[in-house]
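Here is what each chain is made of, one letter per residue.
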Amino acid sequence: MDDCCIDKTCAVERLRERQATTLRLVLIANAAMFVVELVSGLLAGSVALLADSLDMLGDALVYGFSLYVVARGSVWKARAAVAKAAVMGLFGTFVFGQVVYKLVYPQLPTFGTMGLVGALALAVNGVCFVLLWRHRAEDINMRSVWLCSRNDLIANVGVLLAAWAVWVTASPWPDIAVGALICAVFLRSAFLVAREARVELRLNHAQQRDAPDRQQPASPPVAGR
């Protein structure tokens, strides 16, 4: 019989190795796409594409946090989830600022660049989503990573729709609307991840508080006089 079937230590280590390998791959992919989309978004004047580039940056930071805690305990994973929620909330706020700016100073974006880069980002995130699918229910750390990947696909489709709508209407408003949608997805995901992490931290705190009571030996009987 395999040693892994005896104490499960080997199986746990293999699981962590698989998680770490997947996180490294998606980290590299998102970091590269952040640069591509940031430059393209600035050149095309697209708030949706710029928002999607910040999505990529946020995910790269998220995957970095997840890679750091993949071999650590549940408390560290919950803390990392809180940090990831803060990152998503921060970038959601930034995108909201960009939306407000575009409302005041509207600019017609280059829809060709939006469509081309949006399609590339959708393909890359599709691969990342497939890689992360099998890890989505393993722990809170990997679940929060999978949620980020799912949001990426939503944002990428939104960018493509915005590019098509800008081309059809010759108006910047579809681009602004998609930027607002990405902002809403960011903030909602930040709330969900933070809520799950808070529950996990409370559970661990309660277990640590009760542990000394369970481990305290019973007092020896008092001898009669």
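Note that the structure is predicted; figures quoted are calculated from it, not measured.

### Notes on the overall build of the protein
Phase 1: Counting its regular elements, the protein contains 7 helices and 0 strands.
Phase 2: In the protein, the order of α-helices and β-strands from amino to carboxyl end is α-α-α-α-α-α-α.
Phase 3: When the 225 residues of the protein are sorted by exposure, 43% land in the buried category.
Phase 4: Accessible surface computed for the protein: about 12200 Å², of which carbon and sulfur atoms make up 67%.

### Considering the environment of V47
Phase 1: In this structure, V47 sits in helix α3 (residues 47-69).
Phase 2: The exposure class assigned to V47 is buried, which follows from its relative accessible area of 2%.
Phase 3: Each C-alpha atom, one on V47 and one on V95, is 8.1 Å from the other, the two residues being 48 residues apart in sequence.
Phase 4: The contacts of V47, once residues within four sequence positions are left out, are Q98, V99, K102, D175 and I176.

### Quick word on the packing of aromatic side chains
Phase 1: Per the counting criterion, the structure on display carries 3 aromatic pairs.
Phase 2: Between Y101 and Y105, the ring centres sit 5.2 Å apart and the planes meet at 45°, which makes this aromatic pair tilted.
Phase 3: Y105 sits in the exposed class, given a relative accessible area of 53%.
Phase 4: Judged by centre distance (6.4 Å) and plane angle (45°), the ring pair of F111 and W167 falls under tilted.

### Let's talk about the nonpolar core
Phase 1: Counting residues in each nonpolar core, the largest one holds 42 residues, and the members touching the most others are Y63, M88, V95, L132, V145, I182 and V193.
Phase 2: Ranked by the residues each element gives to this core, the list is headed by helix α6 (residues 140-169), at 9 residues.

### Some points on helix α5 (residues 111-133)
Phase 1: Between the first and last C-alpha of α5 there are 32 Å, a value that for 23 residues agrees with the 33 Å anticipated at 1.5 Å per step.
Phase 2: Taken as a whole, α5 has its buried residues at M114, V117, G118, A121, N125, C128, F129 and L132.

### What about the environment of V35?
Phase 1: Residue placement: V35 occurs in helix α2 (residues 9-44).
Phase 2: C-alpha of V35 to C-alpha of L54: the two residues are 19 residues apart in sequence and 9.4 Å apart in space.

### Some thoughts on the confidence of the model for the protein
Phase 1: Of the residues in the protein, 76% have a pLDDT of 70 or more, and the chain-wide mean is 77.
Phase 2: Within the protein, the element-level pLDDT minimum falls on helix α1 (residues 4-7), averaging 42, and the maximum on α5, averaging 90.
Phase 3: Low pLDDT, under 50, characterises residues 1-12; the stretch is placed with 4 contacts to residues that sit more than four places away or in other chains.

### Quick word on a positive patch on the surface
Phase 1: Together, R188, R195, R198 and R202 line one region of the surface with positive charge.
Phase 2: As for its position among the elements, R202 is in helix α7 (residues 173-215).
Phase 3: A relative accessible area of 58% means that R202 is categorised as exposed.

Parameters at a glance
Residues numbered from 1 in each chain as written. Predicted model: local features only at pLDDT ≥ 70, side-chain atom pairs only at ≥ 80, totals over all residues. Heavy atoms only, no water. Helix = DSSP H or I, 4+ residues; strand = E, 2+ residues; numbered from the N terminus. Buried < 20%, exposed > 50% of the residue type's maximum accessible area, 1.4 Å probe, protein only. Areas by Shrake-Rupley, 256 points an atom, 1.4 Å probe, with all protein chains shown as cover. Contact = heavy atoms within 4.5 Å. Phe/Tyr/Trp six-rings, centres within 6.5 Å; stacked < 30°, edge-to-face > 60°. Core = buried A, V, L, I, M, F, W, Y, C linked by side-chain atoms within 4.5 Å. Expected span 1.5 Å × (residues − 1). pLDDT = per-residue confidence, 0-100. Patch = residues over 30% accessible without salt bridge, like charges linked within 9 Å, V, L, I, M, F, W, Y side chains within 5 Å. Salt bridge = Lys/Arg side-chain N within 4 Å of Asp/Glu carboxyl O. Lys, Arg positive; Asp, Glu negative; His and termini not counted. Charge placed at Lys NZ, Arg CZ, Asp CG, Glu CD.

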